[in-house]
Amino acid sequence: MASISLRGVQKAYGDSPAVIRDVDLEIGENEFCVFLGPSGCGKSTLLRMIAGLEDVTDGDLSIGGKIVNDVPSAQRGVAMVFQSYALFPHMTVFENMAFGLKLAKTPKDEIDRKVREAARILQLEALLERLPKALSGGQRQRVAIGRAIVRQPGVFLFDEPLSNLDATLRGQTRVEIARLHKQFAKASVVYVTHDQIEAMTLADKIVLLHAGKDTERYGSIAQIGAPLELYHRPNSRFVAGFIGSPRMNFLPGKVAAIDPRGVSVKLDQSGETVRVSVDGKALSIGQTVTFGVRPEHLELTDTAASDVVQPNDAPSASLQSTREDALLTRTVSLVEQLGEHSYVHLDEADGIALIAKAPGDTRLKQGDRASFRAPASVCHLFSEDGFAVASLESVEHYA
């Protein structure tokens, strides 16, 4: 088992701007760490640097406490599972899984034992004499994983291993990878994906990377944390918009009132006043902000539109500050029924639409007026520079 440490790591090609910038990261022993981000953010490049397939332009990369910047890939004690499987087409499953051990001059009886044990774990025992062309996509991926397992490395590296599989196989193989990590608990795992479901279900730690143009301004890493930490406490609008599907609703507004229990925001388009349980000490009245609420946190109510505070008769700041929840009332433009739940698309105000999650048997239809409650405790607020205003819960937690 081995820990991984990156200190000030950067990667640039020639005179071009760095594609990996200012990465400081610790991946502990036994940890399952997922690199997540949009296409082109550098997550595969970062993984290949750990593997030794890409050089480190600047900074230090350590594995097991040893700086490995100049150590060849074969001597780093890592095993990599590629997106394309990278199986030898002329070799059987057994031969593909044994290839690395043969190169390492491992005794034949030990090779046989390790390959058959890995085949048993991955349910490949009946396929050991087949060629890759006779296997399904899911079976080929398991062979690629088995080839890594037999080497018993300290670090497993996965480069989008499920992207070539259909939805059913992706789900099945995801469960297998999670099970294998528990079984081989001594090994650390670094896993690259753009799929949020894979990241949220597999990771102990998520490293979310910025998109290319944002890297120069903010650095490569947008936020590091446990899956639910990124979901509940995103540190920026970028993180809040990337984590979650459908994405978080964002509405521009201005600070209307600040008190010890949160901040009131008057929305620019509708004039409605909403409430957010955040620490407003660094804000000022009239400051431009962005209000955020996830579709699943908008609660459908039976409240009539006439009960909603309208812009012309909005209460004073002192009265509004006592209301912990706000109501957003819109006209339904589309209902997507997905069985267990429905996504309700609400009309656009100056190009900004809202999406709310409703029960699967909702009776809402196009043209209906609907009110949704936005609980202050689960709403978010972002300043003009895109960073999140800390929630009161976070302030109390880290005090």
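Note that the structure is predicted; figures quoted are calculated from it, not measured.

Moving on, we get to the sheet that holds strand β20 (residues 380-382). As summarised here, the arrangement of the 5 strands in space is β13-β12-β11-β14-β20, forming an open sheet in which the pairing is antiparallel. Taken across any chain shown, the strands that pair with only one partner, and hence form the sheet edges, are β13 (273-276) and β20. For this sheet the average axis-to-axis angle between neighbouring strands, irrespective of direction, equals 45°. Bridging between strand β14 (residues 288-293) and β20 involves 3 bridges; their strand directions are antiparallel.

One finds Met97 and Tyr191 to be the most contacted residues of the largest nonpolar core, which totals 48 residues. Ignoring sequence-local partners within four residues, the contact set of Met97 consists of Val115, Ala118, Ala119, Leu124, Leu128, Val143, Gly146, Arg147 and Val150. Among the nonpolar cores identified, the runner-up in size contains 30 residues, and Ile20, Val56, Val190 and Val192 belong to it.

Tallying each qualifying case throughout the model produces 12 salt bridges. Glu176 is paired through a salt bridge with Arg142; the nearest N and O atoms lie 4.0 Å apart. With Glu176 in helix α5 (residues 167-183) and Arg142 in helix α4 (residues 137-149), the pair connects residues that are 34 residues apart, well separated along the chain. The pair formed by Glu176 and Arg142 is uniform in burial state, with each residue classed as buried. Three or more residues joined by partner-sharing salt bridges are found here, namely Lys11, Arg48 and Glu54.

Attention now moves to the environment of Arg294. Among the secondary structure elements, Arg294 is positioned in the loop between β14 and β15 (299-301). Its relative accessible area of 1% is what places Arg294 among the buried residues. Note: C-alpha distance between Arg294 and Gly244 (50 residues apart in sequence) is 7.9 Å. Ignoring anything within four residues of it in the chain, the contact list for Arg294 reads Leu230, Tyr231, Ala240, Ile243, Gly244, Met248 and Asn249. For Arg294, the side chain forms a polar contact with the main-chain oxygen of Ile243, separated by 2.6 Å.

Another aspect to go through is the sheet that holds strand β3 (residues 32-36). Across the sheet, which stays open at both edges, the 6 strands sit in the order β6-β7-β8-β3-β9-β10 with mixed pairing between neighbours. One side of each edge strand has no neighbouring strand; the edge strands of this open sheet are β6 (78-81) and β10 (221-225). Neighbouring strand axes in the sheet, compared pairwise and without regard to direction, differ in orientation by 15° on average. Pairing between β3 and strand β8 (residues 188-193): 5 bridges, direction parallel. When the sheet's bridge partners are listed, Cys33 is paired in β8 with Val190.

Moving on to helix α3 (residues 108-121). Taking 1.5 Å of rise per residue, 14 residues should cover 20 Å, and α3 covers 20 Å from first to last C-alpha, within 8% of that figure. Where the residues of α3 are buried, they touch α2 (93-103), α4 and α5.

This part is about the packing of aromatic side chains. Under the counting rule described, the total for this entry stands at 6 aromatic pairs. With 6.1 Å between their ring centres and 25° between their planes, Phe238 and Phe242 make a pair best called stacked. On the criterion of helical spacing, the pair formed by Phe238 and Phe242 is a turn pair, its members being 4 residues apart in helix α9 (residues 237-242). Residue class for Phe238 comes out partly exposed when judged on its relative accessible area of 22%. Ring centres 5.8 Å apart and planes at 70° place the aromatic pair Phe250 and Phe382 in the edge-to-face group. Placement of the pair is Phe250 in strand β11 (residues 249-259) and Phe382 in strand β20, with a sequence separation of 132 residues. Taken individually, Phe250 and Phe382 each receive the classification buried, so the pair is uniform in this respect. Counting every residue linked through ring pairs, the aromatic cluster contains Phe32, Phe156, Phe158 and Tyr191. Across from the ring centre of Tyr231, 4.4 Å away, lies the NZ or CZ of Arg294, which sits over that ring.

Rules of the game
- Residues numbered from 1 in each chain as written.
- Predicted model: local features only at pLDDT ≥ 70, side-chain atom pairs only at ≥ 80, totals over all residues.
- Heavy atoms only, no water.
- Pairing = 2+ DSSP bridges.
- Helix = DSSP H or I, 4+ residues; strand = E, 2+ residues; numbered from the N terminus.
- Axes fitted to C-alpha atoms, helices over the stretch in contact; angles between N-to-C directions.
- Core = buried A, V, L, I, M, F, W, Y, C linked by side-chain atoms within 4.5 Å.
- Buried < 20%, exposed > 50% of the residue type's maximum accessible area, 1.4 Å probe, protein only.
- Contact = heavy atoms within 4.5 Å.
- Salt bridge = Lys/Arg side-chain N within 4 Å of Asp/Glu carboxyl O.
- Polar contact = N/O pair within 3.5 Å; in protein donor to acceptor, adjacent residues only side chain to side chain.
- Expected span 1.5 Å × (residues − 1).
- Phe/Tyr/Trp six-rings, centres within 6.5 Å; stacked < 30°, edge-to-face > 60°.
- Lys NZ or Arg CZ within 6 Å of the ring centre and 35° of its normal.

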